[in-house]
Amino acid sequence: MRQAGPWLRAAEGAMLLGPDGIPAPTVFAEMSALAASTGAINLGQGFPDQDGPAEVLEAAVRAIRDGVNQYPPGRGTADLRTAVAEHQQRWYGLDVDPDREVLVTAGATEALAATLLALVEPGDEVITFEPFYDAYGALVRLAGGTHVTVPLTAPDFLPDEDTLRAAFTDRTRVVLVNTPHNPTGRVLPDEVLRTIVELATRYDAVIVTDEVYEHLTFTVPHTPIATLPGAAERTVSISSAGKTFSTTGWKIGWLTAPPTLVDAITTVKQYLTFVNGAPFQPAVAVGLRLPDAVFAGIAAELAAKHELLASGLRSAGFDVMRPDGGYFVIADTAPLGYDDARAFCLELPALAGVVGVPVSAFVRPDHAAGYRSLVRFAFCKRRSVLEDAAERLARLHAPS
C-alpha cells in the first residue's frame, strides 16, 4: 500500500486515533451525534440557528440572480477588498491598501492555514494560548512547526506574564493571538497585547490574529493588536463574516497585512481553494458597510442570550465564568459533584436533555487536568431554544 505523505502524517499526528489506527471523530462530531440520537439541545457547536441581517442575505440573492456565479478575482472582489479596508479604517483607524494589503479567503480557517503554511518552516515555533481553537494545533503540524502553548487558567483566563515571556525563543516564528478568545470568551487586555508586540519585535516573530468575534463583545471593547505601536508591520489580522452576520456556511473570511506578507500568503492560498463564494462576497461587502447601530444590536442581542443561558446554568448549580464576548460560556461542573467534564457531557443528554463540550477538547491531552471539570456551552441560538435549555438544566441541582 502506498505510504501516507508528510501532510497526511502530520494531520494524523494532530488528531486522536482509534485502536484501529483510523482517526477518531472529534469531540464536536461525537457530541453532535449524541444530541441527534437523544433529541437533546445541541449547545456544543458554535453556529447560530437563525439568519443574520436581511440586507446581507438579500444582497447574496441579488448577486446570484445577477449572474455573479463564476470565479471571482484571486484576491477577492475589488468591492469586498475595499469594504474590508473601509472597515479597518472606520472601526480602528487603520489605513489599509485594498489592492495590496487585503486577501479574501474561504473563512478565517483558510486564512490561518494559508498564513501558517506560507510563513512556518519545519522546526519553527508557533505560540498560541491554551485552550485553543482545535484547528490551530493541526495547522501548525501541517506546516511542520512546533506548537508552544501559554495557558489561560480559570477563572479569569489571563496569561501569566512570566510564562508568556518564557514561551518566546530564537525559534519563535509566529505568535497566534485569538481575541475575543474561543472557548473562554476573554478579550485580552491591552497590557497583554503590548507585551506580545514587545516580544514579537525582540524575537522578530510575526503576529497572526484571529479576530472573528471582533464585533461580538459585551462590555470590554476589542483592540486589534495591529493598532498598537510597532505591531502593524509584523501583523497578519484575520477575521470573517460568519460569526458577525450569522452566515457561518458562507465561509467568507479575509486578512489584512503588509504587502510582502499578503503576497506570500496568496501564493499558498491559490493552491488551497483558489477562490471562493462569488455571490457571497458582494453580500459581505454590504454587511461591512451597515450602520454602527446594526453591529451594536447584534452584540447586544448576543449578550442578552448569554445572560439567559448563564442564569439557567447558575440555577442548575454550575459555577459560571462570564465571557467578555463571543458565542460561548464556560461552566464548572465541580459544584455538581463532577470532576470529569467529558464524562459529565456524555451523561448530560440523559440528565437534562442538553449537550455541551468539555473544555479539555481545546487543550493538549497532557494539559487537560487544569480544565478537567469545565464545559463550554454555546449561546448563539434562538431565545426559545436557550429558554428550553435553561429549563431542562434546572433538573440538575448541586448537592446540599
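Everything numeric here is computed off the predicted structure, so don't read it as measured data.

What counts and what doesn't
Residues numbered from 1 in each chain as written. Predicted model: local features only at pLDDT ≥ 70, side-chain atom pairs only at ≥ 80, totals over all residues. Heavy atoms only, no water. Helix = DSSP H or I, 4+ residues; strand = E, 2+ residues; numbered from the N terminus. Rg over C-alpha atoms; globule rule 2.2 N^0.38 Å. Buried < 20%, exposed > 50% of the residue type's maximum accessible area, 1.4 Å probe, protein only. UniProt positions renumbered as here; feature names shortened; annotations may be inferred. Core = buried A, V, L, I, M, F, W, Y, C linked by side-chain atoms within 4.5 Å. Contact = heavy atoms within 4.5 Å. Axes fitted to C-alpha atoms, helices over the stretch in contact; angles between N-to-C directions. Parallel < 35°, antiparallel > 145°, perpendicular 65-115°, else oblique. Left-handed = near helix turned anticlockwise from the far one by under 90°. Nonpolar A, V, L, I, M, F, W, Y, C, P; charged D, E, K, R; others polar. Lys, Arg positive; Asp, Glu negative; His and termini not counted. Salt bridge = Lys/Arg side-chain N within 4 Å of Asp/Glu carboxyl O. Polar contact = N/O pair within 3.5 Å; in protein donor to acceptor, adjacent residues only side chain to side chain. Phe/Tyr/Trp six-rings, centres within 6.5 Å; stacked < 30°, edge-to-face > 60°. Pairing = 2+ DSSP bridges.

Asks: Explain the overall build of the protein chain here, please?
Replies: Along its length, the protein chain carries 13 helices and 13 strands. Since a compact globule built from 400 residues should have a radius of gyration of about 21 Å, the 21 Å found for the protein chain is in line with a globular shape. Seen through its C-alpha atoms, the protein chain measures out along the principal axes to roughly 60 × 50 × 50 Å. In the protein chain, buried positions account for 55% of the 400 residues.

Asks: Looking at this model, I keep getting lost on the UniProt feature "domain: Aminotransferase class I/classII large" (unreviewed entry) in the protein chain. Mind explaining?
Replies: The feature "domain: Aminotransferase class I/classII large" (unreviewed entry), as annotated in UniProt, sits at residues 40-393 in this numbering. In residues 40-393, the share of helix is 38% and the share of strand is 16%. The end C-alpha atoms are 11 Å apart.

Asks: What am I meant to see in the nonpolar core here?
Replies: Looking at soluble globular proteins, one finds that nonpolar side chains tend to be buried together. Counting 72 residues, the largest nonpolar core has L116, V236, L309, F318, F377, L393 and L396 as the members making the most contacts within it. Here the element with the most residues in this core is helix 5 (residues 107-119); it accounts for 7 residues. If near-sequence neighbours (up to four positions away) are discounted, L393 is found in contact with L309, G312, L313, A316, F318, L348, A352 and V354. One finds V192, I196, I330 and A368 within the second-largest nonpolar core, a separate group that totals 30 residues.

Asks: What is the right way to look at the packing of helix 5 against helix 6 (residues 135-142) in this model?
Replies: Any two packed helices are characterised by how steeply their axes cross, that is the angle between the axes, and by the distance between the axes. Viewed as axis vectors pointing N to C, helix 5 and helix 6 meet at an angle of 30°, and their least axial separation amounts to 9 Å. For the element pair helix 5 / helix 6, the angle class is roughly parallel. Helix 6 is crossed by helix 5, and the crossing has right-handed handedness. Counted together, T109, L112, A113, L116 and L117 of helix 5 and A135, Y136, L139, V140 and L142 of helix 6 form the full contact between these two elements. Its residues placed into classes, the contact of helix 5 with helix 6 shows 9 nonpolar, 1 polar and no charged.

Asks: I would appreciate a short explanation of the side chain of E130 in the present structure.
Replies: Mapping E130 onto the fold places it in strand 3 (residues 125-130). Here E130 sits buried without a salt bridge, and the closest side chain of opposite charge, R364, lies 4.9 Å off (N-O distance). Here the side chain of E130 touches R364 through a polar contact of 2.7 Å, landing on its backbone nitrogen. Not counting chain neighbours up to four residues away, the residues in contact with E130 comprise T149, V150, P151, L152, F362, V363, R364, H367 and Y371.

Asks: For this particular structure, what's the right way to read helix 9 (residues 259-269)?
Replies: Along an α-helix, a turn takes 3.6 residues, which lines up residues three or four apart on a common side. Every buried residue of helix 9 is listed here: P259, L261, V262, I265, T266, V268 and K269. Looking at the buried side of helix 9, the elements it contacts are strand 2 (102-105), helix 5, strand 6 (206-210), strand 7 (235-240) and strand 8 (253-256).

Asks: How should the packing of aromatic side chains be read in this particular structure?
Replies: To describe a pair of aromatic rings, you give the distance between the ring centres and the angle between the ring planes. Taken as a whole and assessed by the stated rule, the structure comprises 13 aromatic pairs. Between Y213 and Y327, the aromatic rings sit 5.4 Å apart at their centres with planes inclined by 70°, giving edge-to-face as the arrangement. One end of the pair, Y213, is in the loop between strand 6 and strand 7; the other, Y327, is in the loop between strand 9 (319-321) and strand 10 (328-332), and 114 residues separate them in sequence. By relative accessible area, Y213 is classed as buried at 4%. Taking the relative accessible area as the measure of exposure, Y327 reaches 2% and is therefore buried. Measuring from ring centre to ring centre gives 6.2 Å for F218 and F379, while their planes differ by 50°; the resulting arrangement is tilted. One end of the pair, F218, is in the loop between strand 6 and strand 7; the other, F379, is in the loop between strand 13 (374-378) and helix 13 (383-393), with 161 residues separating them in the sequence. A network of ring pairs unites the aromatic residues F318, Y338, F344 and F377 as a single cluster.

Asks: Is there a simple way to think about the sheet that holds strand 10 in this case?
Replies: In sheet architecture, strand pairing relies on hydrogen bonds along the backbone and comes in two forms, parallel and antiparallel. Read from one edge of the open sheet, 4 strands run 9-10-13-12, paired in antiparallel fashion. The open sheet has two free edges, formed respectively by strand 9 and strand 12 (357-358), since each of these has just one partner strand. Here strand 9 pairs with strand 10 via 3 bridges, running antiparallel. Bridge pairing in strand 10 places D319 opposite D332.

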